[in-house]
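Listed below, chain by chain, are the residues.
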Amino acid sequence: MPEIRLEHITKRWNKFYAVDDLDLVIGDNAFVTLLGPSGCGKTTTLRMIAGLETPTSGRITIGDKVVFDSALGINVPANKRKVGFLFQNYALWPNMTVYQNIAFGLSNIREPRKLTKQEIDETVHRVAQVVKITAFMDRYPAELSGGQQQRVAIARTLAPEPSVLFMDEPLSNLDAKLRLEMRYELQRLHVETGSTFVYVTHDQMEAMTLATQICLINNGVLQQYDAPLTVYNKPNNLFVADFVGNPSINFIEGRGKQRPDGGVELTLLGDKRAVFKPAQPLDLPAWFQDRDAREAHAAGAHKKKAAEKGYVEKGNKDEAFRYHIDRAEEELFPREEPALTNEDLVLGVRPEFIDIVEAGALEGEIYGAMPTGMESTIKVRVGDFLLTGVVFGSTLFTIGSKVHIDVSGDGVLLFDRRSGRCIAQGSLEF
């Protein structure tokens, strides 16, 4: 199956940039999810690759064939790109049986030649067997469940043997249990067909469980493109850390400096003292110098680009991500942002790193508890702040009871508050 390459792809409507200078390589036989909040540009990206939307500028290559190039005036139509598309709406013909729905696309193939009835019949039965719907071939869509209708739509898409399969939130109409079952089916189909899958979703759980690579987009800008566990454990910035993970990550603001031994001494959660110990050697002053150099380079590149003929200033400006600090009593009015220095930092602590132990360094009380059987999600109040934790097992917690907590593991994240970028990963000691 072919590699898909996007180079400097931009799509804008007047001053609104839906996709902004996107560079992306989707490898052979990959399962890539385009992930992000509503309106971030993920569906637009999918439609541009498929040929349903024309980019403003850039270049798209599928395999060894250039399907779009704004500079050369190349724009191969969607029906010539040999791709399959699976929509949120199954779009099955209600007056056709399952067999006829699957065969419909095959009967319209004209290149390199028209298929015979026998070839169509063999293909229909082959794909029906792959998605396990051979028992429903004579039924009409109204006689099928939601999951069965989705399988028919998948079979119809697979029948012409597309080199790439595009899916735009295909499971969002299904109930939770059926959605889980279909995730397993899509994983199996990806392995059995050997096709390249590109999947759009706003559900980070779907992205984490299905993908070999996650492409996380916000405001039309690529935030991170990595394997799911890399995105979870080593996010590039505060937005990525916040968007991926359920329950959400705990953000803790702190101020501090690096000590001679490499640790970062911090004051956080009001008046608590802690030391962040990076897992890898860290030179914090050098990191800040590199950050300033990158920002200066980006500003210079933007100024140069703005001077080019035909340049249109981005109306939907890229703003710093506003992370949420969970408090017992939310502030009625947002605080004014202080003048940030290099001492202003943010810690990111995943809920699974919050441990309730008798010898814990922090004293708190149970603010809320949601047991689910094999685990409980809890909120612990420490001063005015709330920390979310996940406790495995069937322990029952009483709201208002006193507990001691600690932060374990070496997966605590240290972020630069000004730029939002991740500085290092390490452990936290109080």
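Rules used in this analysis
- Residues numbered from 1 in each chain as written.
- Predicted model: local features only at pLDDT ≥ 70, side-chain atom pairs only at ≥ 80, totals over all residues.
- Heavy atoms only, no water.
- Helix = DSSP H or I, 4+ residues; strand = E, 2+ residues; numbered from the N terminus.
- Contact = heavy atoms within 4.5 Å.
- Areas by Shrake-Rupley, 256 points an atom, 1.4 Å probe, with all protein chains shown as cover.
- Lys, Arg positive; Asp, Glu negative; His and termini not counted.
- Charge placed at Lys NZ, Arg CZ, Asp CG, Glu CD.
- Axes fitted to C-alpha atoms, helices over the stretch in contact; angles between N-to-C directions.
- Parallel < 35°, antiparallel > 145°, perpendicular 65-115°, else oblique.
- Left-handed = near helix turned anticlockwise from the far one by under 90°.
- Nonpolar A, V, L, I, M, F, W, Y, C, P; charged D, E, K, R; others polar.
- Salt bridge = Lys/Arg side-chain N within 4 Å of Asp/Glu carboxyl O.
- Buried < 20%, exposed > 50% of the residue type's maximum accessible area, 1.4 Å probe, protein only.
- Pairing = 2+ DSSP bridges.
- 1 Å grid on protein atoms, 1.4 Å probe; cavity = no way out; pocket = protein on both sides within 12 Å on 5 of 7 lines; lining within 4 Å.
- Points joined across faces, edges and corners; volume = space filled by probe spheres on them.

**Topic: the overall build of the chain**
The helix and strand inventory of the chain stands at nine helices and 22 strands. Principal-axis analysis of the C-alpha atoms gives the chain an extent of 75 × 60 × 40 Å. For the chain, long-range pairs separated by at least 24 residues make up 65% of all intrachain contacts whose partners lie at least 6 apart in sequence. As presented, the chain carries roughly 22000 Å² of accessible surface, and 52% of it is formed by carbon and sulfur atoms. Looking at the chain, you have 49 positive and 57 negative side-chain charges, and the mean spots of the two groups are 7 Å apart.

**Let's talk about the packing of helix α2 (residues 98–107) against helix α4 (residues 146–158)**
Each pair of packed helices can be summarised by the angle the axes make with each other and by the distance between the axes. As a packed pair, α2 and α4 sit with axes 7 Å apart at the nearest point and diverge in direction by 30 degrees. It follows that α2 is roughly parallel to α4 by the angle criterion. α4 is crossed by α2, and the crossing has right-handed handedness. Each of Val 98, Asn 101 and Ile 102 in α2 lies in contact with α4, whose residues at this interface are Val 152, Ala 155 and Arg 156. Taken together, the residues that form the contact of α2 with α4 break down as four nonpolar, one polar and one charged.

**Observations concerning the pattern of salt bridges**
Considering all chains together, one arrives at 28 salt bridges under this definition. Lys 272 is paired through a salt bridge with Asp 271; the nearest N and O atoms lie 3.6 Å apart. Residue class for Asp 271 comes out exposed when judged on its relative accessible area of 59%. Salt-bridge contacts for Asp 292 lead to Arg 418; the nearest nitrogen and oxygen are separated by 3.0 Å. Of this pair, Asp 292 sits in helix α9 (residues 284–306) while Arg 418 is found in the loop between β21 (412–416) and β22 (422–429), placing the two residues 126 residues apart along the sequence. Residue Asp 292 is classed as partly exposed on the basis of its relative accessible area, which comes to 34%. Residues participating in the shared-partner salt-bridge network are Glu 253, Arg 255, Lys 257, Glu 343, Asp 344 and Arg 417.

**Some details on the pairing of strand β9 (residues 196–201)**
Judged by how many residues are buried, β9 sits mostly within the fold: six of six residues are covered. By the alternation rule, side chains of β9 split into Thr 196, Val 198 and Val 200 and Phe 197, Tyr 199 and Thr 201, which are all buried. Strand direction decides the pairing type here: strand β3 (residues 31–35) and β9, joined by five bridges, are parallel. Considered in β9, the bridge of Thr 33 is made with Tyr 199. Pairing of strand β8 (residues 164–168) with β9 involves five bridges; the strand directions are parallel.

**Comments concerning the layout of surface pockets**
Computed from the structure, the second largest pocket encloses a volume of approximately 1100 Å³. As for the second largest pocket, its lining consists of 35 residues, and the residues nearest its centre are Asn 79, Val 83, Gly 105, Ile 109 and Pro 160. Elements supplying a minimum of two residues to the lining of the second largest pocket: β7 (83–86), α2, α3 (117–130) and α4. The residue inventory of the lining of the second largest pocket, partitioned by class, reads 20 nonpolar, six polar and nine charged.

**Examining the sheet that holds β9**
Hydrogen bonds between backbone groups are what pair the strands of a sheet, and the pairing can be parallel or antiparallel. As summarised here, the arrangement of the six strands in space is β7-β8-β9-β3-β10-β11, forming an open sheet in which the pairing is mixed. Pairing within the sheet leaves two strands with one partner each, and these edge strands are β7 and β11 (221–226). Each strand axis lies, on average, 15 degrees off the axis of its neighbour in the sheet, ignoring direction. Looking at chain direction, β3 and strand β10 (residues 213–218) are connected through four bridges and run parallel. Note on β10: the bridge partner recorded for Leu 35 is Leu 216. Sheet strands in contact with α4 are β7 and β8, and its direction is about 165 degrees off that of β7.

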